[in-house]
Amino acid sequence: MTRAGLLLGGAALLLAGCTQGAEIRATVVSPDDVRFEVTRAPEGFCLLGASIVREGEDEALWELRRHNGSQAPCPTRFAFPAVPQGYDALGKPSPLAPGRYRLSVDGGMGIGEVEFAVR
């Protein structure tokens, strides 16, 4: 399959109560290389955690969690299955099977979500 056939980008905004949302773009390069970019976020947003869940399931396949007290910069770009400095990954980072997925992020000052598909 061509790279264009694997590529699905999009952004979704999620608002909850008084919490402001973050916009995230997902770019699927391959089943074991999905890139995420926080394209817009409220001031003070710092990626505290992120999780990937397959459509129709509840259990996260992969999670990132920022170390308590980490002084590492807060990334606005990160990729599955890479682990940015100052973070831990939970879950087995195996290639994603074809299907639809959702990435949810917690930035302390805002939350966000994006759906993407692996073909």
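Just so it is clear, the model here is predicted, and its values are computed rather than measured. (Residues numbered from 1 in each chain as written. Predicted model: local features only at pLDDT ≥ 70, side-chain atom pairs only at ≥ 80, totals over all residues. Heavy atoms only, no water.)

Trainee: Quick question: what am I supposed to make of the overall build of the protein chain here?
Mentor: Each helix and strand counted, the protein chain has one helix and nine strands in total. In the protein chain, the succession of α and β elements from N to C terminus is α-β-β-β-β-β-β-β-β-β. Taking contacts inside the protein chain between residues at least 6 apart in sequence as the whole, the part at least 24 apart equals 50%. (Helix = DSSP H or I, 4+ residues; strand = E, 2+ residues; numbered from the N terminus. Contact = heavy atoms within 4.5 Å.)

Trainee: Just checking my understanding: could you explain the state of the cysteines for this structure?
Mentor: Cysteine pairs can be linked by a disulfide, which is a covalent bond between their two sulfur atoms. Enumeration over the complete set of coordinates arrives at one disulfide. Across a sulfur-sulfur distance of 1.7 Å, C46 and C74 are joined as a disulfide pair. Because the sign of the S-S torsion sets the handedness, a value of about -80 degrees for the bond joining C46 and C74 places this disulfide among the left-handed ones. Residue C46 is located in the loop between β3 (33-40) and β4 (49-54), and its partner C74 is located in the loop between β5 (60-66) and β6 (77-80); the two are separated by 28 residues in the primary sequence. (Disulfide = S-S within 2.5 Å.)

Trainee: Can you help me understand the environment of N68 in this one?
Mentor: Position of N68 relative to the elements: it lies in the loop between β5 and β6. Each C-alpha atom of the pair N68 and L48 lies 9.3 Å from the other, and the pair is 20 residues apart in sequence.

Trainee: Even after reading the chapter, I still don't get the packing of aromatic side chains, so can you show me in this structure?
Mentor: Under the criterion given, the structure shown has four aromatic pairs. Considering the side-chain rings of F36 and F78, the 5.4 Å spacing of their centres and the 35 degrees angle between planes classify their relative orientation as tilted. Of this pair, F36 sits in strand β3 while F78 sits in strand β6, and the two are 42 residues apart along the sequence. A residue is classified by how much of its surface remains accessible, and F36, at 2% relative accessible area, is buried. Considering the side-chain rings of W62 and F80, the 5.2 Å spacing of their centres and the 90 degrees angle between planes classify their relative orientation as edge-to-face. A residue pair is termed long-range when its members are at least 10 positions apart, and W62 in strand β5 and F80 in strand β6 qualify at 18 residues. When sorted by exposure, W62 lands in the same class as F80, which is buried. An aromatic cluster is defined as three or more aromatic residues linked by ring pairs; in this entry it consists of F36, F78, Y101 and F116. (Phe/Tyr/Trp six-rings, centres within 6.5 Å; stacked < 30°, edge-to-face > 60°. Buried < 20%, exposed > 50% of the residue type's maximum accessible area, 1.4 Å probe, protein only.)

Everything listed here is a matter of geometry and, on its own, says nothing about what the molecule does.
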